[in-house]
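Structure at a glance
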Amino acid sequence: IPSPDSFLFFAAIAMGFFFGVYYEFFRFLRLSLPHTSWIIFLEDLLFFLPISVLSIFFHYALSDGVVRWFSLLGIVSGFLLYLGTLGKVLLFFSDTIIKSIKKIIFYAFIIFFYKILSRFQRGFSFSLPHNRRACSKRFQKYNKLFICQI
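Residues numbered from 1 in each chain as written. Predicted model: local features only at pLDDT ≥ 70, side-chain atom pairs only at ≥ 80, totals over all residues. Heavy atoms only, no water.

Regarding the overall build of the protein
Per the secondary structure count, the protein includes six helices and zero strands. Start at the N end of the protein and walk to the C end: the helices and strands fall as α-α-α-α-α-α. The buried share of the protein, taken over its 150 residues, is 27%. Within the protein, counting contacts between residues at least 6 apart in sequence, those at least 24 apart form 64% of the total. Summed over its atoms, the accessible surface of the protein is roughly 11,200 Å², and 72% of this surface lies on carbon and sulfur atoms. (Helix = DSSP H or I, 4+ residues; strand = E, 2+ residues; numbered from the N terminus. Buried < 20%, exposed > 50% of the residue type's maximum accessible area, 1.4 Å probe, protein only. Contact = heavy atoms within 4.5 Å. Areas by Shrake-Rupley, 256 points an atom, 1.4 Å probe, with all protein chains shown as cover.)

Considering the packing of aromatic side chains
One pass over the structure, following the stated rule, counts 15 aromatic pairs. Considering the side-chain rings of Phe9 and Phe10, the 5.6 Å spacing of their centres and the 65 degrees angle between planes classify their relative orientation as edge-to-face. Since its relative accessible area comes to 23%, Phe9 is described here as partly exposed. Phe10 gets classed as exposed once you look at its relative accessible area, which sits at 54%. A connected cluster of aromatic rings, assembled from ring pairs, spans Tyr22, Tyr23, Phe25, Phe26, Phe47, Phe48 and Phe79. (Phe/Tyr/Trp six-rings, centres within 6.5 Å; stacked < 30°, edge-to-face > 60°.)

A short note on the confidence of the model for the protein
In this model, the protein carries an average pLDDT of 81, and 77% of its residues clear a pLDDT of 70 or more. The least confident element of the protein is helix α6 (residues 132-138), whose mean pLDDT is 53; the most confident is helix α3 (residues 69-84), at 95. The low-confidence segment residues 124-128 (pLDDT under 50) makes nine contacts with residues lying over four places distant or belonging to another chain. pLDDT under 50 marks residues 144-150. Its contacts with residues more than four places away, or in other chains, come to 18 contacts. (pLDDT = per-residue confidence, 0-100.)

Here's the deal with the nonpolar core
Listed in full, the twelve residues of the largest apolar core are Leu8, Ala11, Ala12, Met15, Phe19, Phe26, Phe47, Ile51, Phe58, Phe70, Ile75 and Phe79. Secondary structure elements with two or more residues in this core: α1 (4-32), α2 (37-63) and α3. No other element matches α1, which puts six residues into this core. For Leu8, the residues in contact, after removing those within four places along its chain, are Phe58, Leu62, Ser63, Arg68, Phe70 and Ser71. (Core = buried A, V, L, I, M, F, W, Y, C linked by side-chain atoms within 4.5 Å.)

Some points on the layout of surface pockets
Size it by volume and the largest pocket reaches roughly 200 Å³. If you go around the largest pocket, the residues you meet are Phe25, Phe28, Leu29, Ser32, Leu33, Ile97, Ile98, Ile101, Lys102 and Ile105. Within the residue set of the lining of the largest pocket, elements represented by two or more residues are α1 and α5 (94-119). Here the element with the most residues in the lining of the largest pocket is α5; it accounts for five residues. Looking at the lining of the largest pocket residue by residue, the class counts come to eight nonpolar, one polar and one charged. (1 Å grid on protein atoms, 1.4 Å probe; cavity = no way out; pocket = protein on both sides within 12 Å on 5 of 7 lines; lining within 4 Å. Points joined across faces, edges and corners; volume = space filled by probe spheres on them. Nonpolar A, V, L, I, M, F, W, Y, C, P; charged D, E, K, R; others polar.)

Written as structure tokens, this is what we have:
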């Protein structure tokens, strides 16, 4: 049976690893979108405030509110463990992942608005092209999605 202190240390490592996963979300945001200094400041607040609150609750729940040096060491070690292992792999593939996510969002946006326009097509003064030739000129890229098939 592990001692309470060793359990606290390993739980802190797991929590630090979780903080690394949470950090990855913000790293992907920064890699994919341009940021001003104010947005970076807000992202830093959105990163550090929840981590601070979770750390306080973690220490309150597992060590009666006593912050032990080895639990802080465990959180930092878990965070660095994430950055050195899974974080490096995700950073290596970040361009591919970001491009894939942007493509999925773009196609979902196209399909969503096509469905809205096709449902209310009769009520508007304009209509979607029924002619396959005109449609292929307008939506040449998206014919795979059957956007022009009404």
